[in-house]
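# Commentary on secondary and tertiary structure
Listed below, chain by chain, are the residues.
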Amino acid sequence: MAHRTSARDVVSAIKDVDFPAGKDDLVQAASRSGAAPDVVKALRGIPAEQYANREEVARSVRVDPDSDLGLSPAQQAEQARAGGRQGQSQHLRDVPKPPVEDELDR
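Residues numbered from 1 in each chain as written. Predicted model: local features only at pLDDT ≥ 70, side-chain atom pairs only at ≥ 80, totals over all residues. Heavy atoms only, no water.

### Remarks on the overall build of the protein chain
Selection rule: In this description a helix means any DSSP run of H or I spanning at least four residues, a strand means any run of E spanning at least two, and both kinds are numbered starting from the N terminus. Here the term buried applies to any residue with accessible area under 20% of the maximum for its type, exposed to any over 50%, and partly exposed to those in between, with areas from a 1.4 Å probe on protein chains only. By definition, residues are in contact when any of their heavy atoms lie within 4.5 Å. Only the protein chains shown count as cover for residues, and all accessible areas are computed by the Shrake-Rupley method using a 1.4 Å probe.
Secondary structure summary: the protein chain contains six helices and two strands in total. Listed N to C, the secondary structure of the protein chain is α-β-α-α-β-α-α-α in terms of helices and strands. By the burial criterion, 32% of the 106 residues in the protein chain qualify as buried. Of the contacts made within the protein chain by residues no fewer than 6 positions apart, 57% connect residues no fewer than 24 positions apart. For the protein chain, the accessible surface area stands at approximately 7100 Å², while carbon and sulfur atoms represent 49% of it.

Here's what the structure looks like:
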């Protein structure tokens, strides 16, 4: 899967956002600013959370591995594979429970 969006494009598209901001606020701001469709699509793919600043958003969005985030090559590869906020534990992510866990909780 090729990511044509760079971190710089994402940050530029949300330059007028007041933080903290949620995912919907970020997507709307990017759309209003006339951001490229790839940037808006990338923002739609981030977790529905509150973001404290532009850096958190840039780290959460899946971007071109050559994008300038100051990440090591290993960190860039991991982000390209998995996306998501760097350093966030798997158990803190909002994901639906598998049906088996749902049945066990009853």
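That covers the picture; the talk isn't over yet.
### Some points on the packing of helix H2 (residues 23-32) against helix H3 (residues 37-44)
For the record, the criterion: To obtain an axis, a line is fitted to C-alpha atoms, over the contacting stretch when the element is a helix, and the angle between two such axes runs from 0 to 180 degrees between their N-to-C directions. Angle categories are assigned with fixed cut-offs, so that under 35 degrees is roughly parallel, over 145 is roughly antiparallel, 65 to 115 is roughly perpendicular, and the rest are oblique. Basically, the charged four are Asp, Glu, Lys and Arg, the nonpolar ten are Ala, Val, Leu, Ile, Met, Phe, Trp, Tyr, Cys and Pro, and anything else, Gly included, counts as polar.
Between H2 and H3, the least distance of the axes is 9 Å, while the angle of their chain directions is 175 degrees. As judged from the angle between their axes, H2 and H3 are roughly antiparallel. Two secondary-structure elements touch here, H2 through Lys23, Leu26, Val27, Ala30 and Ser31 and H3 through Val40, Leu43 and Arg44. By residue class, the composition of the contact of H2 with H3 is five nonpolar, one polar and two charged.

### Digging into H2
Keep this limit in mind: The arc under discussion is defined with respect to the helix axis, by the directions toward the C-beta atoms.
Three or more residues of H2 are buried, namely Leu26, Val27, Ala29 and Ala30. What you see down the axis of H2 is that its buried residues fit within an arc of 165 degrees, all on one side. Pointing more than 90 degrees away from the buried face of H2 are the exposed residues Asp24 and Arg32. If you follow the buried residues of H2, they end up packed against helix H1 (7-13), strand E1 (21-22), H3, strand E2 (50-51) and helix H4 (54-60). Positive phi shows up at Gly34, right after H2, with a value of about 80 degrees.

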